[in-house]
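Survey of secondary and tertiary structure
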Amino acid sequence: AQRVTQPEKLLSVFKGAPVELKCNYSYSGSPELFWYVQYSRQRLQLLLRHISRESIKGFTADLNKGETSFHLKKPFAQEEDSAMYYCALKRDSNSGYALNFGKGTSLLVTP
Amino acid sequence: DGGITQSPKYLFRKEGQNVTLSCEQNLNHDAMYWYRQDPGQGLRLIYYSQIVNDFQKGDIAEGYSVSREKKESFPLTVTSAQKNPTAFYLCASSLLEPGEKLFFGSGTQLSVL
């Protein structure tokens, strides 16, 4: 079964500290993974996807097929990073961008 | 705030009543999706549609129905068969080419009276 697991409901860090939001997945084929973010009073939006291998707002995420993980990292957290983060997995090649989402991790960055 | 519009923002349903949530997009996107968001549960897929007049069930389609008569519109009906309808409902749309992403609406909060 295709599944996304985010083990942490809440993660609280101090400003300037490193951040790692964990995401593990189960998928039989070649996965396509995403991180979506929801800032307070804003719409859910794409943060980054693994195929782009990009860094957005200082965040990176590397797909580790051996560990079936796609953890989101940032070396120095900022207060504006406080938000709800969702890891998501594309269901299959026949369902467009229908994604399976994890339960989300709420990141709180305190001064 | 164009792109994808959901209405109403808040909706109340009486017992035994069907209610319809509206989702409209002017992005010329081929695909549209409905998700249900419950606290601590993340987003769960209800239905999706990749082309007009065609749609597929997601993981929690029971008690819901949809239609896709126009490319721009993908309304969701919460029927009386849905016993626990109180939730936040999100609509999304996307193109279908590689490298695309979901664009989300601002959501509808449905509550049962």
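Analysis parameters
Residues numbered from 1 in each chain as written. Chains lettered and ligands numbered in written order. Predicted model: local features only at pLDDT ≥ 70, side-chain atom pairs only at ≥ 80, totals over all residues. Heavy atoms only, no water. Helix = DSSP H or I, 4+ residues; strand = E, 2+ residues; numbered from the N terminus. Rg over C-alpha atoms; globule rule 2.2 N^0.38 Å. Buried < 20%, exposed > 50% of the residue type's maximum accessible area, 1.4 Å probe, protein only. Pairing = 2+ DSSP bridges. Axes fitted to C-alpha atoms, helices over the stretch in contact; angles between N-to-C directions. Salt bridge = Lys/Arg side-chain N within 4 Å of Asp/Glu carboxyl O. Contact = heavy atoms within 4.5 Å. Buried area = accessible area lost by both parts, 1.4 Å probe. Nonpolar A, V, L, I, M, F, W, Y, C, P; charged D, E, K, R; others polar. Core = buried A, V, L, I, M, F, W, Y, C linked by side-chain atoms within 4.5 Å. Disulfide = S-S within 2.5 Å.

**Some points on the overall build of chain B**
On a plain count of helices and strands, chain B comes out with 0 helices and 11 strands. The N-to-C order of helical and strand elements in chain B reads β-β-β-β-β-β-β-β-β-β-β. At 13 Å, chain B has a C-alpha radius of gyration in line with the 13 Å of a compact globule built from 113 residues. Structurally, chain B occupies a C-alpha span of about 40 × 25 × 25 Å along its principal axes. Expressed as a percentage of its 113 residues, the buried residues of chain B come to 50%.

**Topic: the pairing of strand S2 (residues 10-13) of chain B**
Across a regular strand the side chains alternate sides, sitting on one face of the sheet and then on the other. Residues and elements named next belong to chain B. Residues Leu11 and Arg13 of S2 are buried on one face, while the alternating residues Tyr10 and Phe12, pointing to the opposite face, are not. Two strands pair when backbone bridges link them, and S2 and strand S11 (residues 108-112) are joined in this way by 4 bridges, in the parallel orientation. Paired with Arg13 across the strands is Val112, a residue of S11.

**With respect to the sheet that holds strand S1 (residues 4-7) of chain B**
Residue and element names in this part refer to chain B. The sheet built from 4 strands is open, its strands ordered S1-S3-S8-S7 with antiparallel pairing. Every other strand in the sheet has two partners, leaving S1 and strand S7 (64-66) as the edge strands with one partner each. With direction set aside, neighbouring strand axes in the sheet form an average angle of 20°.

**Topic: the pattern of salt bridges**
In total, this model carries 7 salt bridges over all chains according to the counting rule given. Note that Lys74 of chain A is salt-bridged to Asp81 of chain A, the shortest N-O span being 2.8 Å. Given a relative accessible area of 10%, Lys74 of chain A falls into the buried group. Of the charged contacts, one joins Asp59 of chain B and Arg91 of chain A as a salt bridge, the two residues approaching to 2.9 Å between their closest N and O atoms. A residue pair is termed interchain when its members come from two chains, as with Asp59 of chain B in the loop between strand S6 (54-57) and S7 and Arg91 of chain A in the loop between strand S9 (83-90) and strand S10 (99-101). Note on Asp59 of chain B: relative accessible area 51%, which makes it exposed. A residue is classified by how much of its surface remains accessible, and Arg91 of chain A, at 11% relative accessible area, is buried. The network of salt bridges with common partners includes Glu20, Lys22 and Lys73 of chain A.

**What about the interface of chain B and chain A?**
Contacts between the two partners involve 28 residues from chain B and, on the opposite side, 20 residues from chain A. For the pair chain B and chain A, the summed buried surface comes to about 1,900 Å²; carbon and sulfur atoms form 50% of the total. Taken as a group, Leu43, Leu102 and Phe104 of chain B account for 24% of the area that chain B buries against chain A, more than any other trio of residues on that side. Counting every contact that joins chain B to chain A gives 1 salt bridge. When residues of the side of chain B that touches chain A are traced back to their parent elements, those giving at least two are strand S4 (31-38), strand S5 (42-51) and strand S9 (87-94) of chain B. Taken together, the residues of the side of chain B that touches chain A break down into 12 nonpolar, 11 polar and 5 charged.

**Regarding the nonpolar core**
Residue and element names in this part refer to chain A. Formed by 24 residues in total, the largest nonpolar core has its most connected members in Trp35, Leu72 and Tyr85. Listing elements by their share of this core, those giving two or more residues are strand S2 (10-14), strand S3 (19-21), strand S5 (33-38), strand S6 (45-49), S9 and strand S11 (105-110). Here the element with the most residues in this core is S9; it accounts for 4 residues. Discounting chain neighbours no more than four positions away, the residues touching Leu72 are Val19, Glu20, Leu21, Trp35, Leu47, Leu48, Phe59, Thr60, Ala61 and Tyr85.

**Quick look at the state of the cysteines**
Residues and elements named next belong to chain A. Under the definition given, this model contains 2 disulfides over all chains. Between Cys23 and Cys87 runs a disulfide, and the two sulfur atoms are separated by 2.0 Å. One quick way to see it: the torsion about the S-S bond of Cys23 and Cys87 is about -65°, and its sign makes the bridge left-handed. With a gap of 64 residues between them, Cys23 in the loop between S3 and strand S4 (24-26) and Cys87 in strand S9 connect regions that are remote in the sequence. What makes Cys23 buried here is its relative accessible area of 0%.

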